[in-house]
Every structure is written in structure tokens, then in C-alpha cells.
Amino acid sequence: MNIIHTWNHMQYYDSNTVLYLNGQFIKSAETKTDLYGQSLHYGYAVFEGIRAYNTHNGTRIFKAKEHFDRLQRSAELMHIPFPYDKDDLIRQTYKLLKKNNLKDAYIRPLVYCGQNMSLSPSAASSIMICAWEWGAYLGNKLVRVGMSSYQRPNPKSTHVEAKASGHYVNSILATAEAKNNGYDEALLLDMHNNIAEAPGANIFIEKSGKLYTPPLGSILAGITRATVIKLCKTLDIECVEKNLTVEELKDADSAFFCGTAAEIIGIESVDDTVFPAVWTETLGATIQRTYKALVLEKQNYEVII
Ligand code: PMP
């Protein structure tokens, strides 16, 4: 039998924590889950992962609009009602951070459906937003990656561009396998055996002075991925969106993952292949520095956006 490495028994809330639920702030410890909920039984919910940073301009939610836009789009693709005012949700999220005294935080909105054991979409949804402290930037730690035996969900079996809860069963399976095999992180292929993405992050590779990243179609359209592509334009780095094989990946000079939670994180190796470039000298490291300055609003925002 496989030994599954479980992880993360962190405390997400305590008796003082509040969350936002359908227009109200309530104590997290006093909330209830409906055990007859459609979301719980079928993974039928959509969510977001957002970061707030303690900047010299105060606490700032990075790309708030983009994240709430994607939440709405995910809900629409999944036929989950989304009758919420996104500007208000952003205001409520700032309030949530304040009420919980959070400055560097991870923010998790979830749109879910209540009692309904049928496979027909629900007529109503709820929205909850919670947040917890998220420590400082990890910097130059590199990850060891294992190619997954799992593929990402087939785009003809679901809307892969939706950030839907059920899709993350695939992410948990891939992560369990990678950790069991002694890796830090998994990398999954798409249905055509091209490189797709990590369980919760997109990938870029560097070869001969250019960056490459898989095109949209079988991956989540990461907001960090879009930011990296924009940063490349500003920094005059050529960045090509194209299908990439495992051979191309293993022949790369360097590679990195990007995502809201991971930010920009360098990859040391894939399976037994160690990337030859010294991380600090890669385009990824330049992007990492620039991304950090951007989220912390340490440079002229207008130039970057
Ligand atoms: N792919 C998957 C499967 C993810 O869960 C995430 C995290 N949301 C990403 C990519 C990166 O997306 P973003 O940059 O918007 O966080």
C-alpha cells in the first residue's frame, strides 16, 4: 500500500476570526456546513485564491478585480448563480482583512450551493470569503518536480478555465503521488501529452534567452501567468505561448512555476533532470524580482500595468 504523505495541519482560524457570508460578517467558529449540500457531495462550487500584501501604500489586494471577474466567469461556466456585486465584494474583502487584523494574507472566496442532492443546477448560491495570514515571500527556494502519471482534466469533460472545486480532486491526487515519490511538486500533462500545469500553478520554461509557456486550452488561465506575460513585454523578454513536450521541458535552461500562492518559484529539477542554469542568473529570477516589486508597489505601477 502507498504511504500517503499528508501535510498541513495549520490553524486557519481561531475563536476570534470572522468570515464574510452572504452580506454579513460572522465568527468562523460559529458557522455550519449543510451536509445535504450539492457542493459538498459533488464538488460543485467555484472559488478564488487571492493575495493581499502589506505595502508602503497600506494593505493592498493584488489584482482584486481580475480575481472577482474570474470568480464570476467560473460560476457562469458552471451554471452557478452569481447575483453579487463585484465592487462590493472587493470592499467587503478589505473590511474582512481589517476585522481580522490581516496585512499579508491569502483570501479565499467560495461560491457554493446548498441543499440539493440532484444533478440539476441549483437555483441559488451562497458566497463566503475567508482569509488567513500568509507569510513573507519565500524568495530563492527551488522546487524538485516529478512528472505526474495523472493528466489535467480533459477540456471536453469540463470547463478547465473555471476554477471549480471538483477539479481539485485531480490536483490532490497528483500532489499525493509527487510527495509519495519524494518530490516537492507535481507537473501534469494535458490529454495530448503536452506540458499543462502544476496542481495549483502555471509553468514557464527558459531556452536560449526566451521564455515559453503552454497556451490556454487545457490549463487554468492564471492571473499570475498573465502578469508574467505582461512583465515580459515591459522587460523586453520574448515570451512564446506554445505546446511544449516533456523533452523540450527537460532540455530547457531553467523553468519556474507561477501562481497567486506560489508567486514565482524556480524549479531545480524535473524527475532526474537538473536544470543547468544558476537560478539567480535566469530570466525567471528577473521576473521573480520584478513581480515582488509589483505586488509590493515598489515601482512605478503605471509603467508595469
Ligand atoms: N493552475 C491551477 C490549476 C491553479 O489552481 C492556479 C491557482 N489559482 C493557477 C494555475 C495559477 O493561477 P493564478 O495565477 O490565477 O493564481
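Residues numbered from 1 in each chain as written. Predicted model: local features only at pLDDT ≥ 70, side-chain atom pairs only at ≥ 80, totals over all residues. Heavy atoms only, no water.

Engineer: Break down the site of the ligand for me, citing the residues and quoting the values.
Structural biologist: The local shell around the ligand holds 15 residues, among which Tyr-168, Glu-197, Ile-223, Thr-224 and Thr-260 are the closest. Between an oxygen atom of the ligand and a side-chain N or O atom of Arg-70, the distance comes to 2.8 Å. For the ligand, whose unbound accessible area comes to 380 Å², protein coverage reaches 96%. Class assignment for the residues of the shell around the ligand results in 5 nonpolar, 6 polar and 4 charged. (Near = heavy atom within 4 Å. Polar contact = N/O pair within 3.5 Å; in protein donor to acceptor, adjacent residues only side chain to side chain. Areas by Shrake-Rupley, 256 points an atom, 1.4 Å probe, with all protein chains shown as cover. Nonpolar A, V, L, I, M, F, W, Y, C, P; charged D, E, K, R; others polar.)

Engineer: Go over the pairing of strand E4 (residues 50-55), please, and point to the residues and values.
Structural biologist: Among the 6 residues that make up E4, 5 are buried, leaving the element largely enclosed by the rest of the structure. Judged from the 4 bridges that link them, E4 and strand E5 (residues 58-61) form a sheet pairing that is antiparallel. Residue Thr-55 lies in a different strand from E5, and its bridge partner there is Gly-58. Joining the antiparallel neighbours E4 and E5 is a turn of 2 residues. (Buried < 20%, exposed > 50% of the residue type's maximum accessible area, 1.4 Å probe, protein only. Helix = DSSP H or I, 4+ residues; strand = E, 2+ residues; numbered from the N terminus. Pairing = 2+ DSSP bridges.)

Engineer: A description of the side chain of Thr-260 should follow, citing residues and the corresponding values.
Structural biologist: The residue Thr-260 is located in the loop between strand E14 (254-259) and strand E15 (263-270) in this model. Sequence-distant contacts of Thr-260, that is, excluding residues within four places in its chain, are made with Gly-49, Ile-50, Arg-51, Tyr-53, His-67 and Thr-224. (Contact = heavy atoms within 4.5 Å.)

Engineer: Summarise the packing of helix H5 (residues 223-235) against helix H7 (residues 283-295); cite the residues concerned and give the values.
Structural biologist: How two helices pack is summed up by the angle between their axes together with the distance between the axes. Two numbers describe how H5 lies on H7: the axes approach to 10 Å, and their chain directions differ by 105 degrees. Relative to H7, the element H5 is oriented roughly perpendicular. Here Thr-224, Thr-227, Val-228, Leu-231, Cys-232 and Leu-235 of H5 lie close against H7, whose contacting residues are Thr-286, Ile-287, Thr-290, Tyr-291 and Leu-294. Broken down by class, the residue content of the contact of H5 with H7 amounts to 7 nonpolar, 4 polar and no charged. (Axes fitted to C-alpha atoms, helices over the stretch in contact; angles between N-to-C directions. Parallel < 35°, antiparallel > 145°, perpendicular 65-115°, else oblique.)

Engineer: Go over H5, please, and point to the residues and values.
Structural biologist: Over its 13 residues, H5 runs 18 Å from end to end, which matches the ideal 18 Å to within 8%, given 1.5 Å per residue. All buried positions along H5 are accounted for by Ile-223, Thr-224, Arg-225, Thr-227, Val-228, Ile-229, Leu-231 and Cys-232. Immediately beyond the C-terminal end of H5, within one or two residues, lies Asp-236, with a positive phi of roughly 60 degrees. (Expected span 1.5 Å × (residues − 1).)

Engineer: Quick rundown of the domain arrangement of the chain? Include the residues and the values.
Structural biologist: One frequent convention defines the size of an interface as the accessible area lost when the parts assemble. In terms of domain boundaries, the chain breaks down into domain 1 (18-132) and domain 2 (143-303). A separation of 25 Å is found between the C-alpha centroids of domain 1 and domain 2. Counting from both sides, the interface comprises 25 residues of domain 1 and, opposite them, 24 residues of domain 2. Note on domain 1 versus domain 2: buried area summed over both sides is about 2,100 Å², and carbon and sulfur give 59% of it. Among the residues domain 1 hides against domain 2, the three largest losses belong to Phe-47, Phe-62 and Arg-70. Together they make up 29% of the total. At the boundary of domain 1 and domain 2, one finds 10 residue pairs in polar contact (both at pLDDT 80 or more). Mapped by element, the contributors of at least two residues to the side of domain 1 that touches domain 2 are strand E3 (45-47), E4, helix H2 (64-77) and strand E6 (105-112). (Domains from an automatic or database assignment. Buried area = accessible area lost by both parts, 1.4 Å probe.)

Engineer: Tell me about H2, residues and numbers included.
Structural biologist: Here H2 contains 14 residues, and its C-alpha end-to-end distance of 20 Å stays within 8% of the 20 Å for a straight helix at 1.5 Å per residue. Along H2, the residues classified as buried are Ala-64, His-67, Phe-68, Arg-70, Leu-71, Gln-72, Ser-74, Ala-75 and Leu-77.

Engineer: So what's going on with the packing of aromatic side chains? Which residues, and what values?
Structural biologist: Working definition: an aromatic ring pair is given by the centre-to-centre distance plus the angle between the planes. Here the structure, examined in full by the defined rule, presents 10 aromatic pairs. With centroids separated by 4.7 Å and ring planes inclined at 80 degrees, the aromatic side chains of Tyr-12 and Trp-132 adopt a geometry described as edge-to-face. Placement of Tyr-12 in the segment before strand E1 (18-21) and of Trp-132 in strand E7 (residues 126-133) is noted, with a sequence separation of 120 residues between them. In this structure Trp-132 comes out as buried when scored by relative accessible area, which is 12%. (Phe/Tyr/Trp six-rings, centres within 6.5 Å; stacked < 30°, edge-to-face > 60°.)

Engineer: So, a nonpolar patch on the surface: which residues are in play, and what are the values?
Structural biologist: A grouping of Leu-35, Tyr-36, Leu-40, Tyr-42, Met-117 and Leu-119 is seen on the molecular surface, where their side chains present a nonpolar patch of about 700 Å² in accessible area. Inspection of the secondary structure puts Tyr-42 in helix H1 (residues 38-42). (Patch = residues over 30% accessible without salt bridge, like charges linked within 9 Å, V, L, I, M, F, W, Y side chains within 5 Å. Salt bridge = Lys/Arg side-chain N within 4 Å of Asp/Glu carboxyl O.)

Engineer: Please give an account of the pattern of salt bridges that cites residues and values.
Structural biologist: On inspection of all chains with the given rule, the structure shows 12 salt bridges. The shortest N-O distance in the salt bridge between Arg-91 and Asp-88 comes to 3.7 Å. Taken together, the residues Arg-91 and Asp-88, both in helix H3 (residues 86-99) and 3 residues apart, mark about one turn of the helix. Asp-271 is the salt-bridge partner of Lys-250, the closest N and O atoms lying 2.9 Å from each other. Here Lys-250 is found in helix H6 (residues 246-250), whereas its partner Asp-271 is found in the loop between E15 and strand E16 (273-274), with 21 residues between them in sequence. Because the salt bridges share partners, they merge into one network encompassing Lys-65, Asp-69 and Lys-86.

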